[in-house]
Amino acid sequence: MISGKEILASLPWLEPKIGPGTAVLSPSSLNPVPYQGNLIFRQESIKALLRTLSARDPYTGYHSNRVTNLALTFARSLSLSSQELAALSNAGYLHDIGKIGVSDSILLKPGPLTPAERAVIQTHPIIGEKIVEPLGFTLQEKDLILLHHERWDGRGYPRGLQGNSIPFLCRLLALVDVFDALTSDRPYRQAFSVPEALAEIEAQAGYQFDPDLSEKFIHLLTAMGPQKLFHQPPPPWLAGEW
């Protein structure tokens, strides 16, 4: 089986090297884009990355949009801070951006993955974190991209974090991410109904998911109803372009 480290070693563009003929930049010019300093640039960069991801894999592009909208709805129901909402908005849209670095034969495979293929797909959070590095994301935002496949029981990836050692927003995003995946048609299975997906989340509470967040998520979606649930608008700067 190919290890994650071996896979990442085959992607040198994640760690660009400065050769003898490369112009040396001043330290100040290497600083990432400030979080508060260039909102338009950040939004345009997110938009460009989303368009790239959607062109490569339309399912993942639409999935990222739905997940972020529902994650923000869930976060507001929990009265999270404006800073936490901003982190979810910025990083949620790009949580699967690392799938750009996964080959089509694996990413678009119409069936279950082999263990070797699964090892490849499990590198996408690490690749994603590298891709967004120039955008100057906060640690909280980078964690959302890197750690959204961690599990409450410690059997997730890439770090195998467990319980409350997984950042709170990552636990929240993980719930919404899986819910959207379950309720979406895939080449190898039909979509779950909302009750079926919520039953699966309830069954995995305390194993895959934070049990307290699972209970609150199930309560929210039960109250929302299907019509409101599946008519989440895109963000203003993506309106009309999906």
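The structure we're discussing is the one just above.
Keep in mind it's a predicted model, so treat the numbers as computed, not measured.

Conventions and cut-offs
Residues numbered from 1 in each chain as written. Predicted model: local features only at pLDDT ≥ 70, side-chain atom pairs only at ≥ 80, totals over all residues. Heavy atoms only, no water. Helix = DSSP H or I, 4+ residues; strand = E, 2+ residues; numbered from the N terminus. Contact = heavy atoms within 4.5 Å. Axes fitted to C-alpha atoms, helices over the stretch in contact; angles between N-to-C directions. Left-handed = near helix turned anticlockwise from the far one by under 90°. Nonpolar A, V, L, I, M, F, W, Y, C, P; charged D, E, K, R; others polar. Core = buried A, V, L, I, M, F, W, Y, C linked by side-chain atoms within 4.5 Å. Buried < 20%, exposed > 50% of the residue type's maximum accessible area, 1.4 Å probe, protein only. Phe/Tyr/Trp six-rings, centres within 6.5 Å; stacked < 30°, edge-to-face > 60°. Salt bridge = Lys/Arg side-chain N within 4 Å of Asp/Glu carboxyl O.

Sorry if this is basic, but what is going on with the environment of phenylalanine 209 here?
With respect to the helices and strands, phenylalanine 209 occurs in the loop between helix H10 (194-204) and helix H11 (211-224). Separated by 59 residues in sequence, phenylalanine 209 and glutamate 150 place their C-alpha atoms 9.0 Å apart. Apart from residues no more than four positions distant in its own chain, phenylalanine 209 is found in contact with Trp152, Ala174, Leu175, Val178, Ile201, Gln204 and Ser214.

In this structure, what is going on with the packing of helix H8 (residues 139-146) against helix H9 (residues 168-182)? I would like to understand it.
A packed helix pair is summarised by two numbers, namely the angle formed by the two axes and the spacing between the axes. Contact geometry of H8 with H9 gives a least axis separation of 9 Å together with a crossing angle of 35°. Once H8 is placed against H9, the crossing between them reads as right-handed. Residues Gln140, Asp143 and Leu144 of H8 form the contact with H9, whose participating residues are Leu169, Cys170 and Leu173. The residue inventory of the contact of H8 with H9, partitioned by class, reads 4 nonpolar, 1 polar and 1 charged.

What am I meant to see in the nonpolar core here?
The tendency in soluble globular proteins is for nonpolar side chains to be buried side by side. Counting residues in hydrophobic clusters, the biggest one holds 48 residues, and the most contacted among them are Leu94, Leu172, Phe179, Phe217 and Leu221. For this core, the elements supplying multiple residues, two or more each, are helix H2 (39-56), helix H3 (58-77), helix H4 (82-92), helix H7 (124-131), H8, H9, H10 and H11. It is H9 that provides the largest number of residues to this core, a total of 8 residues. When near neighbours in sequence (up to four residues on either side) are disregarded, leucine 94 contacts Ile46, Leu49, Leu50, Val132, Leu135, Phe137 and Ile145. Counting residues in each nonpolar core, the second largest holds 5 residues, with Val102, Ile106, Leu107 and Ile121 among its members.

For this particular structure, what's the right way to read unusual backbone geometry?
Across residues other than glycine, the phi torsion is negative in most instances, and most of the peptide bonds are trans. Of the consecutive residues tyrosine 157 and proline 158, the connecting peptide bond is found in the cis state with omega at 10°. Mapped onto the secondary structure, proline 158 falls in the loop between H8 and H9. Residues other than glycine seldom take positive phi values, yet serine 79 does so here, at roughly 60°. Topologically, serine 79 is positioned in the loop between H3 and H4.

Honestly, the packing of aromatic side chains in this entry has me stumped. Any pointers?
How two aromatic rings sit relative to each other is given by the distance of their centres and the angle of their planes. Scanning the model with the defined rule gives 2 aromatic pairs in all. For the ring pair phenylalanine 179 and phenylalanine 217, a centre distance of 5.6 Å and an interplane angle of 80° mean the geometry is edge-to-face. Highlighted residues: phenylalanine 179 in helix H9 and phenylalanine 217 in helix H11, separated in sequence by 38 residues. Here phenylalanine 179 matches phenylalanine 217 in class, with each residue buried.

Explanation requested: the pattern of salt bridges in the structure shown.
Oppositely charged side chains can pair when the atoms bearing their charge come close. Tallied over the entire structure, the rule returns 8 salt bridges. Arginine 171 is the partner of aspartate 210 in a salt bridge, and the nearest nitrogen-oxygen pair spans 2.6 Å. Of this pair, aspartate 210 sits in the loop between H10 and H11 while arginine 171 sits in helix H9; the two residues are 39 residues apart in sequence, bridging distant segments of the chain. Each of the two residues, aspartate 210 as well as arginine 171, counts as buried.

Sorry if this is basic, but what is going on with the environment of lysine 99 here?
By the secondary structure assignment, lysine 99 is in the loop between H4 and helix H5 (104-107). For the pair lysine 99 and leucine 53, spaced 46 residues apart in the sequence, the C-alpha separation amounts to 7.8 Å. Apart from the residues lying within four places of it in its own chain, the contact partners of lysine 99 are Arg56, Thr60, Leu107 and His124.

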